[in-house]
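Letter by letter, the chains look like this.
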Amino acid sequence: MGWVDDNILAAVGFTRSRRNQMPPSSTPPKLEPDILLAKSSVPGAADWQGAYHLVGHTAAVVKSVTSLVDCLGDRLIEQFGLTCEFNTLRATARLAAYLHDWGKANHQFQGVVRYPLRASNPSVQPQQNPLQYPQLIRHEVGSVLLAWEFRNRLGQCPNADLMTAIAAAGGHHLKLGGQQGRNTGALGEIREGSGDPYLYWYVHHPSFHKLLRYGVRTLGLPQIILSFAFSSRWDIKTIKWDIKTIKDKRDKVLNAFIEWEPDLAFLAVVKALLIAADAIGSASAQVSTNIQEWIRSELENTLTEADLQKVIDARRGEYPLRPFQIDLKDKSKRVTLARAGCGTGKTLGAYNWALRHGIGRKLFFCYPTTGTSTEGFLGYVHNQVESELLHSRSAVDLELACTGEEEDNGDGAVNEAAQKLEAFKAWGAKVNVCTVDTVLGLLQCHRRPLYCFPALAKAAFVFDEVHCYDDALFGALLRFLKVVKAPILLMSASFLPAQVAAIQQAVAEEIAIIQGPQTLEDLPRYRFHELAQPDWERVQQELDQGGRVLWVCNQVDTAIAIYQEAKKRGLTPLLYHSRFRYEDRVKHHRAVVEAFQQDQAVLAITTQVAEMSLDLSATLLVTQVADPAGLIQRLGRLNRQYCGHSCDALFYPDENVGFPYKQGDLEAGWALARAFKKQDVSQRQLSDWLKQVNINTKPKEHCIWLDGRWQTYSAPLREAGYTITALLEQDLEKIAPLKSSELPRYTLPLPTKNIKGWQRHKSGYLIAPREQWRYCPELGAVEPK
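All of these numbers come straight from a predicted model, not from anything done at the bench.

## Remarks on the sheet that holds strand β13 (residues 526–530)
On the basis of which strands lie adjacent, the open sheet formed by seven strands has the order β15-β16-β14-β17-β18-β13-β19 and mixed pairing. Strands with a single pairing partner mark the edges of an open sheet, and in this sheet they are β15 (574–576) and β19 (680–681). Pairing of β13 with strand β18 (residues 647–652), which is carried by five bridges, proceeds in the parallel orientation. The residue bridging phenylalanine 528 from the neighbouring strand is alanine 649, located in β18. Against the sheet, helix α28 (residues 536–544) touches β14 (548–552), β16 (602–606), β17 (620–624) and β18, its axis set at about 145° to β14. Against the sheet, helix α31 (residues 628–635) touches β13, β14, β17 and β18, its axis set at about 160° to β17.

If you want it as C-alpha cells, here you go:
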C-alpha cells in the first residue's frame, strides 16, 4: 500500500508525478502494518482496526468526551461556576480529545508501539525499544507541537477555544511542565542521545489524512486543513525535525503559553474531562459494551430519598434522630459546618443532610485516612445502597471484611490500570466512601480523582474530621470551596476559629454552622490529671476493676516500649500502631475494637491511629501530651458511651520535642490539660476553650489543576510526612509471584531517615534492607539494637 492514493492526492491538488519527484529521504520509515497505531495489540487484522489505531482511538475518545459532556450537561457549568457557554465547553473538550494523540504520528512512537509485537510478528516495523532508546519527546508534547503547526486551521473549529484544547491535550498524561511533583517550567523533556536525533512525522500518510477527514466531518474543521497537510509546506525539511528544530518550535509554543491568559476553571474542567474520556475511551478497545450507553447509565444512577432513608433507618434502629441531626437537614445551607463532639452522631446526621442536598446526585463521603473510610463504609452504606469504598487498599479491606475483619490504612503504589478500574466503579455508585485524597487530589492533578471526575461533577460532598487537615490539605479544601458550587458538609469536633474564618471567606456566601446536641456535649465526661511519668498503679487499679484502658503514645517506638513494660508487669496488653505490615495491622486493629466491645478488662497501647480510626469507649485514658486538636480526638475515645460520671484522663510529657509535635504544639496541649486540671470537663468546654485559643493556620492554596495554567502534573496534596511506604526485604520471595494490586498487603510505613541507597521494587515501593529493619507480627517493624 502506498502513502496516499491518487484520488486523495488529486482532491488536494498534489499530483502523483509531483510526489514521485520528491527525494526518497523525504519519507519516514515504512510502516508494517501500514497504519498509524495508537496502542499495542495482539497481531491480526481485526485488532489493528477500531480503537487500536490512531483514528479509531481518537474517535473513541471524542465519542467518550461527547457522551460525558452531554450526560452531565449544564451541571458542569453549575458545579464549577463556569462563565462560558455550554457549546463552548462541549466544542473545546471535543477538540482537545481530537488533538490529544496527534503526537503519536511520528516514527519513534510508531516504533515503540510496535516493539511489544515483535515476538509474534517479526515483520512489524519500525521497532524501537523504549528502555534502550526512549523517544526524543513524549507523544503528548508532540501533540502540542504538531497541533501548533496547524493552529490557523484548527482555530476555525466552531465554538472551540484552541489554546485551551491544546493545553489540555498536552497534559493528558500528567507530565507537562513538572516532574516528580516539582515545577520544571519546561514544555516537555528532550531526551538527547537516546537514538535517532530527529523525528519523522507521518503527515502524508493515509491514516493521518483519515484523522483530518474525521475532524472535518465530526468537529466541523475547515476543508482547507486537508490541502494544508499535503501542500509544499510539508516537505523533507518540515516532516523531519532535528533536535534544534524541536527546541525552536517548543520555545515558540512556550512563549505563547506564557503570554496566554486562560479562564482557569474552564481550562481545569476541560483537562479533567479529557483525562477521564481518554481512560474510558482506551477501555472501549477491550470490551464489547456500548461505552456511550454505559457512561449514561452509570452517571444517571443517583441517590433517591428511599436510598438515604434506608441508610438512616438501618443505623438509628428504634431511636429517633436527635434534634441536631434534624437541623443538619432543615437548617443547612449549600455549605454547612457541623461542629459536634465525638460520638454524638455526626455521621448519621450527614446522611440526613443528604436527604435535602444529595437527592439526584452522587455522594462522596470523605475521611482523612483509609482506616476511617473503611469503618464509615462498613458501618453505614455497605449492603444498604449502591456504594463503593475508594482508597489505595480498599480491595484488601473488603476481602478481609467479608471474613469478619476490617482494617486501617496507608498509601500504596497501585498501578495505573488498577486506578482506572477502581475509578470507573465510582461512576456508577450512588455513594462513594473514600479518603479525602480521592476528591481533593483533583486539585493537585492526582490520577484517581481525575479518573473519577465525571462522578465528582455530579456529586454532593461530606468532609469529616476537617480539624486534622495539615496546611496543604486544608489549603486544597479552601480552593475546592471557592471553585466547586456543589452542596458541601464539613464536620469536626474541633474546628479552629482560623479555620472557620478561612472557610467563610472561601465560600463567599452565607454558610450554616450547626452545633452538636447540647445535652450530650454538656455531660461531665472527663477529669484531667497531670503526671510527670506514667502511673502504672492507676492502670493496674482500673484493670482490676474490669476497666478498659486506652494508652496513646506519640511515637511507635514509645508504644512498643510501653507494651513491653506492660508485659514485664504481668499484664496482657494489645498493641496497635501504624508500623505493622498491612495484613498484621488489620488483625491488630480488629483485636482492639473487639476487645473494647466485651465486658471485660482490656489495655490497648496505641499511637495517633487511635485518634480517628478506633470507635471505642475507654474508662481510663493515659496519653502523652500532644497538640490540642489531637488531644480532643483522643479524649473522644474516653467515656464515649457515657457511664454516668467523669472518667480520668492522665497526661504525661513527651520528651521528643519536634517529632512529631513542635514545641509550640506541646505547650498548647499542656495549656489545654492545665486549664481544666482536676475538674469535671465536658465536650462543650473543650470546644469553647479551643475557640478562644489563637492557633493560626497557614493554608497553602496553590493547586496545579487550577493554577498551573498550561502545566499539568501531579504534585503532593499533603505536607511531607515523616514516613514512606515500603516493602521489607525479607518479604521479597513471598511477594515475587504477586500482582502489583496485591502488594499493599505487605507494605508498611517506615521513617524517612536512613533511606538513602535503598533499592526500589519494580512496583515503585522502596525496599527496607533486612539489616536496618526487622519484623515480627507481634511488635511490627523494629530497628535492630
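## Things to note about the sheet that holds strand β22 (residues 748–751)
With respect to topology, three strands assemble into an open sheet ordered β22-β21-β23, the strand pairing being mixed. The two strands at the open ends of the sheet, each matched to only one other strand, are β22 and β23 (766–768). Strand-to-strand twist in this sheet, taken as the mean axis angle between neighbours without regard to direction, amounts to 65°. As judged from the three bridges shared by strand β21 (residues 723–728) and β23, these two strands associate in the parallel manner. Residue alanine 726 lies in a different strand from β23, and its bridge partner there is leucine 766.

## Some points on the environment of glycine 708
The topology assignment puts glycine 708 in the loop between α34 (704–707) and β20 (712–713). Residue classification places glycine 708 among the buried positions, given a relative accessible area of 5%. A sequence separation of 532 residues divides glycine 708 from leucine 176, and the C-alpha atoms of the two residues are 9.9 Å apart.

## Some remarks on the environment of glutamine 624
Note that glutamine 624 resides in strand β17. Contact partners of glutamine 624, with chain neighbours within four places excluded, come to Val552, Cys553, Asn554, Gln555, Thr558, Leu631, Arg634, Tyr652, Pro653 and Asp654. Among the polar contacts listed, one links the side chain of glutamine 624 to the backbone oxygen of proline 653, at a separation of 3.4 Å.

## Concerning the pattern of salt bridges
The tally for this structure, following the rule as stated, stands at 35 salt bridges. For arginine 709, the salt bridge is made with glutamate 261, and the minimal N-O distance between the two is 3.6 Å. Here arginine 709, found in the loop between α34 and β20, pairs with glutamate 261, found in the loop between α13 (243–259) and α14 (264–283); they are 448 residues apart in sequence, far enough to count as distant. Overall, arginine 709 belongs to the partly exposed group, its relative accessible area being 23%. Under the relative-accessibility criterion, glutamate 261 is labelled exposed at 64%. Because the salt bridges share partners, they merge into one network encompassing Glu521, Asp522 and Arg684.

## A few points about the pairing of β18
A large share of β18 lies buried, amounting to six of its six residues. Side chains of β18 alternate between two faces, with Cys647, Ala649 and Phe651 and Asp648, Leu650 and Tyr652 buried alike. The sheet contact formed by β17 and β18 spans five bridges and is parallel. Directly across from leucine 621, in β18, lies its bridge partner alanine 649. Taken together, β17, α31 and β18 form a β-α-β motif whose crossover is right-handed.

Conventions and cut-offs
Residues numbered from 1 in each chain as written. Predicted model: local features only at pLDDT ≥ 70, side-chain atom pairs only at ≥ 80, totals over all residues. Heavy atoms only, no water. Pairing = 2+ DSSP bridges. Helix = DSSP H or I, 4+ residues; strand = E, 2+ residues; numbered from the N terminus. Contact = heavy atoms within 4.5 Å. Axes fitted to C-alpha atoms, helices over the stretch in contact; angles between N-to-C directions. Buried < 20%, exposed > 50% of the residue type's maximum accessible area, 1.4 Å probe, protein only. Polar contact = N/O pair within 3.5 Å; in protein donor to acceptor, adjacent residues only side chain to side chain. Salt bridge = Lys/Arg side-chain N within 4 Å of Asp/Glu carboxyl O. Right-handed = clockwise from strand over helix to strand, strands pointing away.

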